Amino acid sequence: MKVKHKLQNFKEDYYKSIDIPEEIDDCIMKGVEKGMQERARKNFKNKVKKISLGVAASILLLFTVSVNTMPAFANAMHDIPIAGQLVRVLDFSEAPQEGGKITDGSDVEFISLVEKDNKEHIVINFSQDIKEEEFASHYEIDYNEYPYTLNFKISGVREFSAEDEFEKMKDGNMIQDIYRLMTLDDSMVRFSITMDKPFSYQVTEYKEPGQLVVTLEEKPESKEETIYSIRSKSHPYGEKIGILEEQLFSLDTRRMLKDEDEEFLIEVDYFNSKEKAEDKKNSLAEEYPVISDFVIEKRGTNDIPKSY
Amino acid sequence: MTTEIQVQKAVKGDEDSFVNLIQSRKEKIYRIAFSYVKNKEDALDVVQEATYKAYISLDKLKQPEYFDTWLVKITINTAVNYIKSNKKYVFMENKEVRDSRHNKDEIVEMIDLNNALDDLEQKDKEIIILKSFEGFKLKEISEILGYPLNTVKTKFYRGLKKIKDNLEGGYNCEG
């Protein structure tokens, strides 16, 4: 018998060997039902798209009104360019905040400022090899006064494309200056934002893609005090200021500041009386000889350090 | 009512026409699904999923006369994806079904033929099943599987030859 004929005979056997189960009718109906649901869902979506512009505009108006009148709404619905899912919200405070994931080789790609409801939102985007980074890189944010500053330390980062956007950040009401801080560690970027008003801040972190939103809120109270700062001479942005900071690494109160001439200095501490500052400077100079070259500078609440 | 009219109605959103079309082809799509996944439960899953996919993509079927090849194509794709996502499971089932068939089939020759068929490469087997059992033309099979017609022809005749060699070899061994 030829193979073809055999196959022909086999066909019957093949048909018999596969019984058609009764459940098949149910399966077909389930498939159709699922399809009907899917089609209805798609149709609904299309209909929503077709809502006329007028209706859309009135909804928008309604939305704007409710956002402005309901505090809860305002908190929940920032009108800011967020694409990811919420990871955490750190409360408004002046305490240091920390979060994000350990990454390597990320880029602090973009920074932008959105003003809304008397608050300013700093939005920071991360990327890795031109793609969006899944999580925000590890960040530490630190609040300081004299002048009012917010210091950002972002780790696992080797690029800082966002620096190009710094000029635009100064457009807002609160941000007086934003500048990069010299950092000897090449897997970290630091930058500092100077505000000319007292403020508290809130950090909201998102993932997929990783984004950070730092919301700045003006505080009504303002103190008019004078401080006496123990500070170094000014140096241009570069390794020298980085090394000087490194020498004072164990001093927790140290910080890097930009002076009025766009140069940088290290401040080790400040006090509200000149005597206290002098005492401290002398005692520190024993342990850190470099501090003997430091000076005491008198500054007001919003004063930017002088060039020295 | 001809298939074409029914298909046209179904495309326009007539659910009854669609259900009728699938109903009258359910045995065919079930057998094809079964020949891939080798067990009842999975074959039923494939039928359900293929029905769903056919329903939601019906508007993409431009020529009603190709409904059958189109439906089989969807069924095969669904089955192949199903196997991909349940690899280990199907492998075990495959063995079991073979064993049970040995018990079921009484005609030695048929067992041999069945085995010979199973020994073929999946693509060759598909073509033989579609051509010899489900009655598709080689041209239609080329549409379904997305191969050039000549490839389908080559695979079909190669498959037949392999089965023949396999069967003859079997006889020789037996003596």
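Residues numbered from 1 in each chain as written. Chains lettered and ligands numbered in written order. Predicted model: local features only at pLDDT ≥ 70, side-chain atom pairs only at ≥ 80, totals over all residues. Heavy atoms only, no water.

All names here are of chain A. Along the chain, Tyr-146 connects to Pro-147 via a cis peptide bond; the corresponding omega equals -10°. Position of Pro-147 among the secondary structure elements: in the loop between strand E6 (139-144) and strand E7 (148-155). Note the cis peptide between Glu-208 and Pro-209, where omega equals 0°. Looking at the element boundaries, Pro-209 is found in the loop between strand E11 (199-207) and strand E12 (211-218). Phi is positive for Tyr-146, which is not a glycine, with a value near 60°. If you trace the backbone, Tyr-146 turns up in the loop between E6 and E7. Even without being a glycine, Glu-208 presents a positive backbone phi close to 50°. Examined against the element boundaries, Glu-208 turns out to sit in the loop between E11 and E12. (Helix = DSSP H or I, 4+ residues; strand = E, 2+ residues; numbered from the N terminus.)

Turning our attention to the packing of aromatic side chains. Under the criterion given, the structure shown has twelve aromatic pairs over all chains. Look at Phe166(A) and Phe191(A): their rings are 5.9 Å apart centre to centre, the planes differ by 45°, and that puts the pair in the tilted class. Taken together, the residues span a long stretch of sequence, with Phe166(A) in helix H5 (residues 166-169) and Phe191(A) in strand E10 (residues 188-195) at a distance of 25 residues. No difference in accessibility class separates Phe166(A) from Phe191(A), as the two residues are buried. Consider the rings of Tyr30(B) and Phe34(B), whose centres lie 6.0 Å apart with planes at 40°: the pair is tilted. In this pair, Tyr30(B) and Phe34(B) both sit in helix H3 (residues 26-37), four residues apart, roughly one turn of the helix. Looking at Tyr30(B), the relative accessible area reads 1%, which means it is buried. Ring-pair connections join several aromatic residues into one group, and the members of that group are Phe152(A), Phe160(A), Phe166(A) and Phe191(A). Sitting over the face of the ring of Tyr55(B), Arg39(A) holds its NZ or CZ atom 4.4 Å from the ring centroid. We note Lys155(B) situated over the ring of Tyr147(B); from NZ or CZ to the ring centre the distance is 5.6 Å. (Phe/Tyr/Trp six-rings, centres within 6.5 Å; stacked < 30°, edge-to-face > 60°. Buried < 20%, exposed > 50% of the residue type's maximum accessible area, 1.4 Å probe, protein only. Lys NZ or Arg CZ within 6 Å of the ring centre and 35° of its normal.)

Turning to the confidence of the model for chain A, a few remarks are in order. Scored by pLDDT, chain A comes out at a mean of 83, with 86% of its residues at no less than 70. Note on residues 63-78 of chain A: pLDDT is under 50 here. Beyond four places in sequence and across chains, it has 13 contacts. (pLDDT = per-residue confidence, 0-100. Contact = heavy atoms within 4.5 Å.)

All names here are of chain B. For the pair helix H5 (residues 67-85) and helix H9 (residues 138-145), interaxial distance at closest approach is 8 Å and the crossing angle is 45°. As far as their axial angle goes, H9 and H5 are oblique. Between H5 and H9 lies a crossing whose hand is right-handed. In this structure, H5 contributes Thr-69, Val-72, Lys-73 and Ile-76 to the contact, and H9 contributes Glu-140, Glu-143, Ile-144 and Leu-145. Residues belonging to the contact of H5 with H9 are distributed by class as follows: four nonpolar, one polar and three charged. (Axes fitted to C-alpha atoms, helices over the stretch in contact; angles between N-to-C directions. Parallel < 35°, antiparallel > 145°, perpendicular 65-115°, else oblique. Left-handed = near helix turned anticlockwise from the far one by under 90°. Nonpolar A, V, L, I, M, F, W, Y, C, P; charged D, E, K, R; others polar.)

This paragraph deals with the environment of Gly172(A). All names here are of chain A. Secondary-structure assignment places Gly-172 in the loop between H5 and strand E9 (175-181). The exposure class of Gly-172 is buried, given its relative accessible area of 13%. Not counting residues within four places of it along the chain, the set of residues in contact with Gly-172 comprises Leu-113, Glu-115 and Glu-120.

Contact residues are listed per partner, giving 31 residues for chain A and 41 residues for chain B. With both chains or domains summed, chain A and chain B bury close to 3,500 Å², and 70% of this area falls on carbon and sulfur atoms. Viewed at the interface, chain B and chain A are joined by three salt bridges. A salt bridge links Lys34(A) to Glu49(B); the shortest N-O distance between them is 3.2 Å. Across the chain A-chain B interface, the total number found is five residue pairs in polar contact (both at pLDDT 80 or more). Secondary-structure elements contributing two or more residues to the side of chain A that touches chain B are helix H1 (3-17) and helix H2 (24-49) of chain A. If you tally residues by element for the side of chain A that touches chain B, the top one is H2(A), at 13 residues. Residues belonging to the side of chain A that touches chain B are distributed by class as follows: 15 nonpolar, five polar and eleven charged. (Buried area = accessible area lost by both parts, 1.4 Å probe. Salt bridge = Lys/Arg side-chain N within 4 Å of Asp/Glu carboxyl O. Polar contact = N/O pair within 3.5 Å; in protein donor to acceptor, adjacent residues only side chain to side chain.)

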